[in-house]
Amino acid sequence: MSGQNIVHQENKGKAYTILLFTGIVFIAFNLRPAITSVGPLIGTIRDDVGFSNWSVALLTSLPLIAFAIMSPIAPKLANRLSNERTLAFGLLVLIIGISLRSISIIFLLFLGTLFIGFGIAICNVLLPGVIKEKFPTKVAIMTSIYTSSMSIFATSASGVSVPLAEGLQLGWQLALFIWIIPAAIGLIIWTIIYRKNNIKSEEKMAFFEPDKGSGMWKAPLAWKVALFMGLQSSIFYITISWLPEILMGYGMDKTTAGVMLSYFQFIGIPVSFIVPMIAVKMKSQSLLVLIVNTLYIIGVTCLIMNPSFVVTLIAIACIGTASSANFALALSFLAIRARNAKQAAELSGMAQSIGYLLAATGPIMIGFIYDLTQVWTIPLYLLIGITIVIIYFGMAAGQNKYVLDK
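(A) The arrangement of the overall build of the protein chain in detail. Counting its secondary structure elements, the protein chain contains 18 helices and zero strands. For the protein chain, whose C-alpha radius of gyration is 21 Å, the value lies close to the compact-globule estimate of 22 Å for 406 residues. Counting across all 406 residues of the protein chain, residues that qualify as buried make up 55%. Of the side chains in the protein chain, 26 bear a positive and 15 a negative charge, and the two mean positions are spaced by 10 Å.

(B) Representation of the pattern of salt bridges within the structure. One pass over the full model with this rule turns up two salt bridges. The salt bridge involving Glu84 is made with Lys134; its shortest N-O contact spans 2.9 Å. Linking Glu84 in helix 7 (residues 83-101) with Lys134 in helix 8 (residues 106-134), this pair joins segments that are 50 residues apart in sequence. One salt bridge in this structure joins Glu166 and Lys254, with 3.1 Å as the shortest N-O distance. Highlighted residues: Glu166 in helix 9 (residues 139-167) and Lys254 in helix 13 (residues 254-266), separated in sequence by 88 residues. For Lys254, a relative accessible area of 27% translates into the label partly exposed.

(C) Quick peek at helix 11 (residues 180-196). For helix 11, with 17 residues, the first-to-last C-alpha span of 24 Å sits near the 24 Å given by 1.5 Å per residue. Those residues of helix 11 that sit buried are Ile180, Pro182, Ala183, Gly186, Leu187, Ile189, Trp190 and Ile193.

(D) Quick look at the environment of Ile378. One can find Ile378 in helix 18 (residues 377-397). Residue Ile378 is classed as partly exposed on the basis of its relative accessible area, which comes to 43%. Other than its neighbours up to four places away in sequence, Ile378 contacts Ile369 and Thr373.

(E) Summary view of the nonpolar core. Formed by 129 residues in total, the largest nonpolar core has its most connected members in Ile45 and Trp190. Setting aside chain neighbours within four positions, we find Trp190 in contact with Leu20, Gly23, Ile24, Ile27, Glu84, Leu87, Ala88, Leu91 and Val130.

(F) Spotlight on the packing of helix 14 (residues 269-281) against helix 16 (residues 309-336). Running from N to C, helix 14 and helix 16 point in directions that differ by 40 degrees, and their axes come no closer than 8 Å. The orientation of helix 14 relative to helix 16 falls into the category oblique. Taken as a pair, helix 14 and helix 16 cross one another with a handedness that is right-handed. Each of Val271, Ser272, Val275, Pro276, Ala279 and Val280 in helix 14 lies in contact with helix 16, whose residues at this interface are Thr321, Ser324, Ala325, Ala328, Leu329, Ser332 and Ile336.

(G) View of empty space enclosed by the protein. Following the criterion strictly, the structure yields three cavities of 30 Å³ or more and no others. Space inside the largest cavity adds up to approximately 250 Å³. Taken together, 18 residues make up the lining of the largest cavity; nearest its centre are Met150, Ser151, Phe236, Ser324 and Phe327. Per element, the largest residue contribution to the lining of the largest cavity is five residues, and it comes from helix 9.

(H) Fine view of helix 12 (residues 220-249). With 30 residues, helix 12 ought to run about 44 Å at 1.5 Å a step, and its terminal C-alpha atoms sit 41 Å apart, in line with that. Of all bends in helix 12, the biggest is about 55 degrees, found at Trp242, and the proline Pro244 comes one to four residues later. The buried fraction of helix 12 amounts to 24 of the 30 residues, a majority that puts the element mostly inside the structure. Residue Gly251 follows helix 12 closely and has a positive phi angle near 105 degrees.

(I) Expanded view of the packing of aromatic side chains. Per the counting criterion, the structure on display carries eleven aromatic pairs. Ring geometry for Phe67 versus Tyr356: centroids 4.8 Å apart, planes at 80 degrees, classification edge-to-face. With Phe67 in helix 5 (residues 58-70) and Tyr356 in helix 17 (residues 341-373), this pair connects stretches of sequence that are 289 residues apart. Both residues of the pair, Phe67 and Tyr356, count as buried. Feature note: the residues Phe26, Phe29, Phe153 and Trp179 constitute an aromatic cluster, connected by ring pairs.

(J) Highlighting the state of the cysteines. Taken as a whole and judged by the stated rule, the model has zero disulfides. Lacking any disulfide linkage, Cys302 is separated from the closest cysteine sulfur, that of Cys318, by 6.4 Å.

(K) Unusual backbone geometry, seen in detail. In this model, Ser82 sits at a positive phi of 95 degrees, which is unusual for a non-glycine residue. Residue class for Ser82 comes out buried when judged on its relative accessible area of 3%. Even without glycine at this site, Gln374 takes up a positive phi of about 60 degrees. Of note, Gln374 is situated in the loop between helix 17 and helix 18.

(L) Geometry of the packing of helix 7 against helix 8. Taken N-terminus to C-terminus, the directions of helix 7 and helix 8 make an angle of 155 degrees; their axes are 7 Å apart at the nearest point. As judged from the angle between their axes, helix 7 and helix 8 are roughly antiparallel. Relative to helix 8, helix 7 is oriented so that their crossing is left-handed. Here the contact of helix 7 with helix 8 is composed, by residue class, of 19 nonpolar, seven polar and four charged.

(M) Geometry of the side chain of Ser37. With respect to the secondary-structure elements, Ser37 resides in the loop between helix 2 (33-36) and helix 3 (42-49). Not counting chain neighbours up to four residues away, the residues in contact with Ser37 comprise Arg101, Ala157, Ser161, Leu176 and Trp179.

Conventions and cut-offs
Residues numbered from 1 in each chain as written. Predicted model: local features only at pLDDT ≥ 70, side-chain atom pairs only at ≥ 80, totals over all residues. Heavy atoms only, no water. Helix = DSSP H or I, 4+ residues; strand = E, 2+ residues; numbered from the N terminus. Rg over C-alpha atoms; globule rule 2.2 N^0.38 Å. Buried < 20%, exposed > 50% of the residue type's maximum accessible area, 1.4 Å probe, protein only. Lys, Arg positive; Asp, Glu negative; His and termini not counted. Charge placed at Lys NZ, Arg CZ, Asp CG, Glu CD. Salt bridge = Lys/Arg side-chain N within 4 Å of Asp/Glu carboxyl O. Expected span 1.5 Å × (residues − 1). Contact = heavy atoms within 4.5 Å. Core = buried A, V, L, I, M, F, W, Y, C linked by side-chain atoms within 4.5 Å. Axes fitted to C-alpha atoms, helices over the stretch in contact; angles between N-to-C directions. Parallel < 35°, antiparallel > 145°, perpendicular 65-115°, else oblique. Left-handed = near helix turned anticlockwise from the far one by under 90°. 1 Å grid on protein atoms, 1.4 Å probe; cavity = no way out; pocket = protein on both sides within 12 Å on 5 of 7 lines; lining within 4 Å. Points joined across faces, edges and corners; volume = space filled by probe spheres on them. Bend = angle between axes of the 7 residues up to and from the residue. Phe/Tyr/Trp six-rings, centres within 6.5 Å; stacked < 30°, edge-to-face > 60°. Disulfide = S-S within 2.5 Å. Nonpolar A, V, L, I, M, F, W, Y, C, P; charged D, E, K, R; others polar.

Below is the structure:
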């Protein structure tokens with residue numbers, strides 16, 4: 001009888017592990033589609049609602065502002081409510097945001113976009129910690145799985161937006177609303193996980209509150225990590241927001257431009273899986289930063305030349321590879337440049353708050369410059385300038401040092 005009980009407990013343990021794995025994957029599925037689905041439709045939304053280019057860019061910038069606001073708050077919610085309950089709450093906020101954004105009223109459009117940012121930010125901040133808590137011996141592979149899952153759904157969202165809106169004649173509202181489905185499934189899974197947990201015996205993960213006396217906000221290396229994260233996020237969200245419009249400005253049709261945005265993200269999926277494993281094994285990541293961002297400059301330079309379709313494919317492959325590598329490096333720096341979990345938590349909170357606030361200005365700035373000039377050449381040259389600054393801060397952040405070492 002005792003043997004049967006042991007087998008039963010093992011089966012329950014396996015079932016719970018599978019449920020947790022599925023829940024983590026579904027969280028990852030929801031971290032980008034509500035944002036990346038907007039890019040291919042941004043021109044349609046602009047024309048339908050009557051926005052200017054800089055104001056419609058708020059639809060991709062507002063979530064980043066929400067990331068900056070919510071990043072330091074999410075761990076406090078988790079300490080109060082538990083990780084599982086807070087993740088479920090984040091998905092609920094995301095569902096509300098997607099619903100509100102799909103209504104053609106300007107106030108609700110922006111309010112829903114802000115809610116989307118809050119919901120994603122909660123999940124974004126907590127997920128790495130949940131992985132470390134639930135899968136302590138498999139952090140590297142679980143991180144690779146969740147970043148790859150995130151990239152796959154982000155790519156899919158960009159690719160199907162125009163076919164859903166125009167091919168199936170759903171309109172931009174329903175094309176954006178459809179991403180409520182993975183959020184609803186994720187909410188169900190995490191509600192089940194929360195209810196299955198024995199709250200009394202559950203080991204809560206301790207999220208470290210920033211120690212005001214630690215000096216993180218005064219550490220030069222911490223600022224370099226934060227600025228690298230912010231600037232690389234900025235050029236990623238600029239690309240997500242404006243790449244289809246840039247390509248259409250060079251004569252490409254809307255559907256193909258949407259596919260190119262998916263291609264930009266798809267090409268980076270294996271990169272986001274591999275780069276963290278490479279970065280962790282290197283003492284200094286400075287050379288890797290230089291190589292990656294040189295590739296980005298090559299890609300943008302090719303676009304400026306108004307190339308053939310084949311050269312455009314090569315250019316976007318370079319940009320997509322570099323963008324994914326930069327993002328993977330930024331996440332890796334949060335762990336590599338900290339001596340312990342407490343420092344990593346402080347660095348993560350600081351870097352994400354500063355980084356996403358900085359990233360939020362990118363799409364708006366590019367839209368404003370295009371409104372003034374009516375050409376895409378100047379914004380593309382500006383991207384090269386930003387990339388040069390990224391190289392500077394990235395090579396500094398890649399040095400074999402720790403943030404609070406003197």
